[in-house]
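The chain contents come next:
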Amino acid sequence: MEDGIVMESVWVAVAFVFFVILVWKKAGAVLATMLDERSEKIRSDLEEAKNLRDAAITELHNYQRLHREAADEAKAIIKNAEITAERIRETAEKNANDAVKRREAQATAKIKAAEANMIAELRERAASLAVATATEIISNKLDKDASLAMIDEAAAEIEKMN
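Residues numbered from 1 in each chain as written. Predicted model: local features only at pLDDT ≥ 70, side-chain atom pairs only at ≥ 80, totals over all residues. Heavy atoms only, no water.

## Considering the overall build of the chain
Across its full length, the chain carries two helices and zero strands. Computed over the C-alpha atoms, the radius of gyration of the chain is 63 Å, more than 25% above the 15 Å expected from 2.2 N^0.38 for a compact globule of 162 residues. Its C-alpha atoms give the chain principal-axis dimensions of roughly 200 × 20 × 15 Å. Relative to its full complement of 162 residues, the chain shows a buried share of 2%. When the accessible surface of the chain is totalled, it reaches about 14700 Å², and 63% of it is carbon and sulfur. Charge centroids of the chain, computed over 24 positive and 30 negative side chains, lie 2 Å from each other. (Helix = DSSP H or I, 4+ residues; strand = E, 2+ residues; numbered from the N terminus. Rg over C-alpha atoms; globule rule 2.2 N^0.38 Å. Buried < 20%, exposed > 50% of the residue type's maximum accessible area, 1.4 Å probe, protein only. Areas by Shrake-Rupley, 256 points an atom, 1.4 Å probe, with all protein chains shown as cover. Lys, Arg positive; Asp, Glu negative; His and termini not counted. Charge placed at Lys NZ, Arg CZ, Asp CG, Glu CD.)

Right under this line is the structure:
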């Protein structure tokens, strides 16, 4: 009986091993397929992550390039603005200097015109005063013929003055 139990146990063990081998083959194939699928999915995810990383690096480089270009453009705009402001300042200064010179010239011309008017007025008054004085002296001291000769002389001298 003991022999039967041992034999029975051996057959059970052999059947169990055989069962495990069959299950392992079937389950192993299924497990291998699952692991391969999982491995492929991980590889695909890694590839996608690598592609996304490459795209992100490309975008970063584009952004950095655009940032440099924008900074360079801003510098150029500032430089142009400074040059334009300097040109405007120089033009305004030149225009102001020209305006001052024009006003000085106008003032000088007005002064000269006033001086000329004043001199002409003084000459006219002096001539009128001289004529009036000469007329009074002539009418008091001279006769008619001598007074006409003096008037002619005075008129000739006045014409020479002008």
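## Considering the pattern of salt bridges
Per the counting criterion, the structure on display carries seven salt bridges. Glu-93 is paired through a salt bridge with Arg-89; the nearest N and O atoms lie 2.7 Å apart. Separated by four residues within a single helix, Glu-93 and Arg-89 lie in helix 1 (residues 2-141), roughly one turn from each other. Salt-bridge contacts for Asp-98 lead to Lys-94; the nearest nitrogen and oxygen are separated by 3.6 Å. Residue Asp-98 and its partner Lys-94 are located together in helix 1, separated by four residues, close to a single helical turn. In this structure Lys-94 comes out as exposed when scored by relative accessible area, which is 53%. Salt bridges sharing common partners tie together Glu-86, Arg-89 and Glu-93. (Salt bridge = Lys/Arg side-chain N within 4 Å of Asp/Glu carboxyl O.)

## A closer look at the environment of Ala-127
Here Ala-127 shows up in helix 1. It is 51 Å that separates the C-alpha atoms of Ala-127 and Ala-92, two residues lying 35 residues apart in sequence.

## Some details on the environment of Val-17
Take Val-17: it is sitting in helix 1. Along the chain, Val-17 and Lys-50 lie 33 residues apart, while their C-alpha atoms are 46 Å from each other.

## Focus on a nonpolar patch on the surface
There is a patch of nonpolar side chains on the surface, built from Phe-16, Val-17, Phe-19, Val-20, Ile-21, Val-23, Trp-24, Val-30, Leu-31, Met-34 and Leu-35 and spanning about 1100 Å² of accessible area. Examined against the element boundaries, Val-23 turns out to sit in helix 1. (Patch = residues over 30% accessible without salt bridge, like charges linked within 9 Å, V, L, I, M, F, W, Y side chains within 5 Å.)

## Quick word on the environment of Glu-82
The residue Glu-82 is located in helix 1 in this model. C-alpha of Glu-82 to C-alpha of Ala-120: the two residues are 38 residues apart in sequence and 56 Å apart in space.

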